[in-house]
Amino acid sequence: MEYPRAIFLIICTEFCERFSFCGMRTLLSLYLRNVLLFQENESTVIYHIFIMFCYLIPIIGAILADSYLGRFRGMTFIGLFLIACGTGGIKPCVAAFGGDQFHLPLQEKYLQQFFSIFYFTINFGGLVGMILIPVLRKYINCFNDNSCYALGFGFPAALMIISLFQKHWLDNSQEKFSQKLISDIKIVLAVLYLYIPLPIFWSLFDQQGSRWTFQASRMNGYIWNLQILPDQLQVINPALVLCLIPIFDKGIYPIFNKICRLHSALNRMIIGGIFAGFAFITSGFLELQLEFQKLYTMTPPNEIHILWLFPQYFLISVAEIMFAISGLEFSFTQAPKSMKTITIAAWYLSVAIGNLLVIIIIQSRFFQSQANEFFLFAGLIMLNMLIFALMTRRYKFVLIEADSSNEPLINNKSKKIERDFEPF
């Protein structure tokens with residue numbers, strides 16, 4: 001069967017959304033600290049509140065999709081809320097609608113490729129946004145200031161508006177979907193039960209835009225005469241993901257599938273979480289060096305080169321590939337047909353809760369040393385993955401045989417076949 005043509009429009013829309021969201025997010029932490037003059041802890045809290053709402057709004061977007069379809073500071077918060085609504089509203093629908101274009105089980109291979117392409121596009125959009133937007137912010141002057149945050153925030157918005165002029169594939173959804181949900185509550189509850197430990201991973205992952213960016217701002221960013229901006233360093237993550245996705249799909253997974261059963265999405269997620277823990281152990285040791293140099297030497301604290309951040313970015317990128325792509329695949333393939341958007345939205349809800357955990361831990365002020373905070377997060381994710389591994393041993397995969405979502409849901413009766421989950 002031919003590859004569904006609608007996939008290309010879906011991928012294009014997702015690229016524009018990721019470019020807009022990631023480009024704006026890249027500037028946010030430094031904007032809050034340098035322009036609005038918040039402290040680093042306050043900036044980190046506001047950053048993660050924004051990210052939390054971005055991944056909380058998908059619940060509302062999913063319900064609609066499945067069931068029915070200072071003054072200056074204040075303006076900033078309103079803008080952040082609107083962006084959170086936009087990215088949250090589209091987020092659960094795009095992946096689910098893309099997966100629904102494939103006829104299962106005939107196109108099961110294409111479906112697996114789609115989630116890799118989809119996540120590749122997410123990171124490609126983020127990569128371009130993270131490179132271009134800080135450059136616009138740094139090297140273009142506006143409103144009598146030596147930087148132009150207005151252009152940095154406005155350009156992504158313009159691109160997202162342009163993306164809306166193509167014929168929107170969601171316009172046809174009312175003709176294809178029934179209002180009545182065909183649900184199997186036991187299956188959904190089993191999936192949601194496994195989501196309980198997941199927020200810890202995202203509490204680590206999203207600190208790239210807050211704690212890791214502030215860490216980079218205290219380091220030497222010059223390579224010869226070229227300066228790497230602290231917020232621009234975040235580009236390492238999507239760049240690595242773009243390079244590593246085909247390596248994992250074509251090389252690492254086929255080899256290790258024969259050894260330790262990496263064909264299971266849950267097994268890959270466990271290993272991904274462990275890599276995230278190693279990333280924060282690495283960042284903790286680097287932070288110890290920064291703190292030592294600040295306290296005990298006469299050398300300015302930014303003499304440690306910014307490229308020493310590369311190992312932790314590499315580890316978190318490997319973690320993202322194994323955890324996030326596998327999690328999206330698991331969320332879509334295990335959900336009942338009419339609740340795929342809800343299930344993916346619940347997956348994104350775990351991201352929101354993860355950012356809430358960051359806020360709670362930061363506000364609790366357990367440690368004076370930032371390095372100890374990094375080690376705390378590393379310990380939490382390691383313990384978390386142990387608990388998750390024990391939970392997955394009892395899970396039974398459900399294979400839902402269906403043609404696609406092209407027929408009304410109320411008329412489709414899917415056969416469900418269960419098989420035991422294969423642990424390591």
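Further up the page is the structure itself.
Now for a look at the structure at hand.

About the cut-offs
Residues numbered from 1 in each chain as written. Predicted model: local features only at pLDDT ≥ 70, side-chain atom pairs only at ≥ 80, totals over all residues. Heavy atoms only, no water. Helix = DSSP H or I, 4+ residues; strand = E, 2+ residues; numbered from the N terminus. Expected span 1.5 Å × (residues − 1). Polar contact = N/O pair within 3.5 Å; in protein donor to acceptor, adjacent residues only side chain to side chain. Axes fitted to C-alpha atoms, helices over the stretch in contact; angles between N-to-C directions. Parallel < 35°, antiparallel > 145°, perpendicular 65-115°, else oblique. Left-handed = near helix turned anticlockwise from the far one by under 90°. Contact = heavy atoms within 4.5 Å. Phe/Tyr/Trp six-rings, centres within 6.5 Å; stacked < 30°, edge-to-face > 60°. Buried < 20%, exposed > 50% of the residue type's maximum accessible area, 1.4 Å probe, protein only. Nonpolar A, V, L, I, M, F, W, Y, C, P; charged D, E, K, R; others polar.

### As for helix α14 (residues 370-392)
Then step 1. The end-to-end C-alpha distance of α14 is 33 Å, a good match for the 33 Å that 23 residues give at a rise of 1.5 Å each.
Then step 2. For α14, the side-chain oxygen to backbone nitrogen distance between the N-cap and Ala371 is 3.2 Å, and the N-cap itself is Ser369.

### Topic: the packing of helix α13 (residues 340-364) against α14
Then step 1. Viewed as axis vectors pointing N to C, α13 and α14 meet at an angle of 140°, and their least axial separation amounts to 12 Å. By the criterion of interaxial angle, the relationship of α13 to α14 is oblique. The interaxial crossing formed by α13 with α14 has right-handed handedness. Listed contacts from α14 to Val358, Ile361 and Ile362 of α13 are Glu373, Leu376, Phe377 and Leu380.

### Overview of the packing of aromatic side chains
Then step 1. What the rule picks out here adds up to 16 aromatic pairs.
Then step 2. Both rings, one in Phe280 and one in Phe374, keep their centres 5.6 Å apart while their planes meet at 80°; by these two values the pair is edge-to-face. Remark: Phe374 occurs in helix α14 and Phe280 occurs in helix α11 (residues 265-296); sequence separation between them is 94 residues.
Then step 3. For Phe280, a relative accessible area of 0% corresponds to the buried category.

### Examining the packing of helix α12 (residues 310-334) against α13
Then step 1. α13 packs onto α12 with a crossing angle of 150° between their chain directions and a minimal axis gap of 8 Å. On the basis of their axis angle, the class for α12 and α13 is roughly antiparallel. Once α12 is placed against α13, the crossing between them reads as right-handed. Taken together, the residues of α13 that come into contact with α12 (itself represented by Phe323, Ala324, Gly327, Leu328, Ser331 and Phe332) are Lys340, Thr343, Ile344, Trp347 and Tyr348.
Then step 2. Considering only residue class, the contact of α12 with α13 consists of 7 nonpolar, 3 polar and 1 charged.

### Let's talk about the environment of Ile46
Then step 1. Following the sequence through the fold, Ile46 ends up in helix α2 (residues 40-68).
Then step 2. Look at Ile46 and you get buried, because its relative accessible area is 13%.
Then step 3. On a C-alpha basis, the gap between Ile46 and Ser29 in space is 8.4 Å, while along the polypeptide they are 17 residues apart.

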